[in-house]
Structure formats: C-alpha cells, structure tokens
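Report on the structure
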Amino acid sequence: MYFKPYYLGCLAHASYLIGGGNGEAAVIDPRRDVDEYLADAESAGLRISHVIETHLHADFVSGHIELARRTGATIHVGHRAGATFPHHAVHEGDEIQLGEVMLRFLETPGHTPEDTSVLAFIGTDKDPRMVFTGDTLFIGDVGRPDLAGLRTDLGPEDMARMMYHSLANKLLKLPDDTEVWPAHGAGSACGRSLSDERVSTIGRERRENPALRFVIAGDEPGFLHYDVEGLPPVPPYFRHDAVTNRAGARSIDEILADARALSVPEAMDRI
C-alpha cells in the first residue's frame, strides 16, 4: 500500500493519496492545486484513477475537476450532493479496489446531506485499517451542522440529528483501533474545537471527544444542543465555494487564459 497525507495549513485542510499494488490510486478531498498529487503518484509509479469527495466543501474550492481533467479519473461524491459535473454518485457499501487496498463508502450525513466516510481495508483484513471521515468526525469535535443551509432547505437541527445517527450507527460501530483521518484540523471554520493533531483512532475519540459523550450515552437531545448552540458566524465566501464545488470549478489553465488587467472602476466593482 502507498499512503501519503497532505496538510494545507492556511485552510487547516487535510487530503490523502492512497494506492495499491495494481498501480491505481485515489485522492481523497483534493485541494485546488493538484500538482503535488500528480508528482507523488508519478514518483510512486501510480495512476490516479479515482477522486473522492467526502462531501462538497464550503471552505475552499476543491481540485476534483482539475484532477479528473488531468488524469481521466472518476470523481466519486455522495448521491445526495446534487452535483452537476460528471461523477459516480456514491451509495452505502460502494467499493473501489486498488490492488490489495479496498475502499468502502459509508453514508454519514450530518455536516452535509451527502457526507460519506471512506473505510480502507488492507489485504485480507476483516476490519478496516483506516477511516477517512471528511467533516463528519474530527479529532476532538464533529462537523458543524449549519452549512447545508447554504444550498439546501435543511436546518441545523435537521443536520445535527443526521449527524447523531451517523456517529451512533456507523462510525462508533467501528473497531477502537481504526485510524481516523479527517478533512480538517484546528483553525478550520467547519468545526469549533478541532485538535491540531492529524490522526487519531475511534477508541481515542470515544474516550476524549466531548461531542461523542452524548452519543455514547444515547442522549440525542443533549447532542443536538451541543452541536447547534454557539456556532460561530458562517464566513460569507462559503456560499460561493459550495455553489462552485457543486458545479465544478473551471480549470486553472482556462482562468489564466482569460486573465486580463482590470481598470480601477472594474476592480472596485468586483470587490
């Protein structure tokens, strides 16, 4: 197995490249600039054939379209996303085989309706080695439930209720030693009390994550109150990013080809 995590500090954003012995690889939650994934895959003798979005991100414009355009990879995103770009609409239990590495999707809505988590099984292991949790389960927190309203009519309590059941019935059912690799760390506006650590385990989060104490106790009202109350304001650019990622961003080459100097009035108008 080949595995490399990436971390973009200015966005507190984590993404991942994972590949197997068949020479194929997947990138999970790619950032806008995809050159490093391409260079690392080439160095490892891998072809990026799959791009996985755990959900349509609101805090940055994603590189899924750029990466697919440059590699021919299939983009996978949850079937509730309403994505308008070419993609495979992921459902519970869908799998991707990368040689000895098998990726299996879990539907884990809560941060957004289409959220999925991705289990990684290695070789003949019956239990997953890793779970890529996107913005559902962070290290030290869970995803905020109010961003779905940027592009749906679902309110924070609707999403928090989904989050509770995703945690209780999906993620906390995993073995304690399953590694947890989320999409964000401390400083991200997608949560509130995120750790600056990059990886955890289900067992550790069960013991130390304050949001999970309500789930473990079966206290759904307590969790809803925890997840909904005291949320910080949504940054105004989030709506633009959410809409852009749903349709797919233009390629960087196209944007550069159209670049031109603006007059002062044009610049002021755009600002």
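Residues numbered from 1 in each chain as written. Predicted model: local features only at pLDDT ≥ 70, side-chain atom pairs only at ≥ 80, totals over all residues. Heavy atoms only, no water.

Before going further, it helps to examine the state of the cysteines. Applying the stated criterion to the full structure yields zero disulfides. Here C10 stays free of any disulfide, with the sulfur of C190 as its closest cysteine sulfur at 13 Å. (Disulfide = S-S within 2.5 Å.)

Our focus in this paragraph is the nonpolar core. Soluble globular proteins: nonpolar side chains tend toward being buried together. One finds L137, V142, L167, V215 and F223 to be the most contacted residues of the largest nonpolar core, which totals 25 residues. Mapped by element, the contributors of at least two residues to this core are β8 (101–107), β9 (116–122), α3 (156–169), α5 (212–216) and α6 (220–228). Counting residues per element, this core draws most heavily on α3, at five residues. Sequence-distant contacts of V215, defined by excluding residues within four places in its chain, comprise Y164, L167, A168, L172 and F223. In terms of nonpolar packing, the next biggest core, distinct from the first, is built from 19 residues, L17, L56, A73 and A81 among them. (Core = buried A, V, L, I, M, F, W, Y, C linked by side-chain atoms within 4.5 Å. Buried < 20%, exposed > 50% of the residue type's maximum accessible area, 1.4 Å probe, protein only. Helix = DSSP H or I, 4+ residues; strand = E, 2+ residues; numbered from the N terminus. Contact = heavy atoms within 4.5 Å.)

It is worth spelling out the sheet that holds strand β11 (residues 179–182) at this point. Taken in spatial order, the six strands make up an open sheet running β7-β8-β9-β10-β11-β12, and their pairing is mixed. Each having just a single partner strand, β7 (95–98) and β12 (200–201) make up the two edges of the open sheet. (Pairing = 2+ DSSP bridges.)

The next point concerns α3. For α3, spanning 14 residues, the distance from its first C-alpha to its last is 20 Å, which sits close to the expected 20 Å at 1.5 Å a residue. Three or more residues of α3 are buried, namely M159, A160, M163, Y164, S166, L167 and A168. Lining the buried residues of α3 we find β8, α5 and α6. (Expected span 1.5 Å × (residues − 1).)

We now examine the pattern of salt bridges. Tallying each qualifying case throughout the model produces 19 salt bridges. Among the ionic contacts, a cluster of salt bridges with common partners joins K4, R31, E36 and D40. (Salt bridge = Lys/Arg side-chain N within 4 Å of Asp/Glu carboxyl O.)

Here we take up empty space enclosed by the protein. All told, the structure shown has two cavities of 30 Å³ or more when counted by the stated rule. In this model, the largest cavity occupies a volume close to 50 Å³. Considering the residues around the largest cavity, the lining is formed by H55, L56, H57, A58, H111, T112, L147, A148, L150, R151 and A242. Taken together, the residues of the lining of the largest cavity sort by class into six nonpolar, four polar and one charged. Computed from the structure, the second largest cavity encloses a volume of approximately 40 Å³. Lining the second largest cavity, in full, are G78, H79, R80, V90, E107, P113, E114, D115 and T116. Its residues assigned to classes, the lining of the second largest cavity comprises two nonpolar, three polar and four charged. (1 Å grid on protein atoms, 1.4 Å probe; cavity = no way out; pocket = protein on both sides within 12 Å on 5 of 7 lines; lining within 4 Å. Points joined across faces, edges and corners; volume = space filled by probe spheres on them. Nonpolar A, V, L, I, M, F, W, Y, C, P; charged D, E, K, R; others polar.)

By the definition in use, this model includes nine aromatic pairs. A ring pair is formed by F3 and F132, whose centres lie 5.9 Å apart and whose planes are at 50°; its orientation type is tilted. Taken together, the residues F3 in strand β1 (residues 2–8) and F132 in strand β10 (residues 130–134) connect sequence positions 129 residues apart. Assessed through its relative accessible area of 21%, F3 is described here as partly exposed. (Phe/Tyr/Trp six-rings, centres within 6.5 Å; stacked < 30°, edge-to-face > 60°.)

Further remarks concern a negative patch on the surface. Negative charge collects at one region of the surface, where D153, E157, D158 and E229 lie side by side. With respect to the helices and strands, the residue E229 is situated in the loop between α6 and α7 (238–247). Given a relative accessible area of 45%, E229 falls into the partly exposed group. (Patch = residues over 30% accessible without salt bridge, like charges linked within 9 Å, V, L, I, M, F, W, Y side chains within 5 Å. Areas by Shrake-Rupley, 256 points an atom, 1.4 Å probe, with all protein chains shown as cover. Lys, Arg positive; Asp, Glu negative; His and termini not counted. Charge placed at Lys NZ, Arg CZ, Asp CG, Glu CD.)

Among the structural elements, T54 can be located in the loop between β4 (47–53) and α2 (64–71). Among the polar contacts listed, one links the side chain of T54 to the side chain of D29, at a separation of 2.9 Å. Here H55 takes part through its side chain, which lies 3.0 Å from a polar atom of the side chain of T54. Discounting residues that sit within four places of it in the chain, T54 has contacts with I28, D29, E114, D115, T116, F132 and G134. (Polar contact = N/O pair within 3.5 Å; in protein donor to acceptor, adjacent residues only side chain to side chain.)

The subject of this paragraph is the environment of G140. If you trace the backbone, G140 turns up in the loop between β10 and α3. The exposure class of G140 is buried, given its relative accessible area of 17%. The spatial distance from the C-alpha of G140 to the C-alpha of N209 is 4.5 Å, given a sequence separation of 69 residues. The contact partners of G140, leaving out residues within four places of it in the chain, are S193, E205, N209 and P210.

Take a nonpolar patch on the surface next. On the surface, V264, M268 and I271 cluster together into a nonpolar patch covering about 400 Å² of accessible area. Along the polypeptide, M268 turns up in helix α9 (residues 264–270). Here M268 falls in the exposed class, since its relative accessible area comes to 57%.

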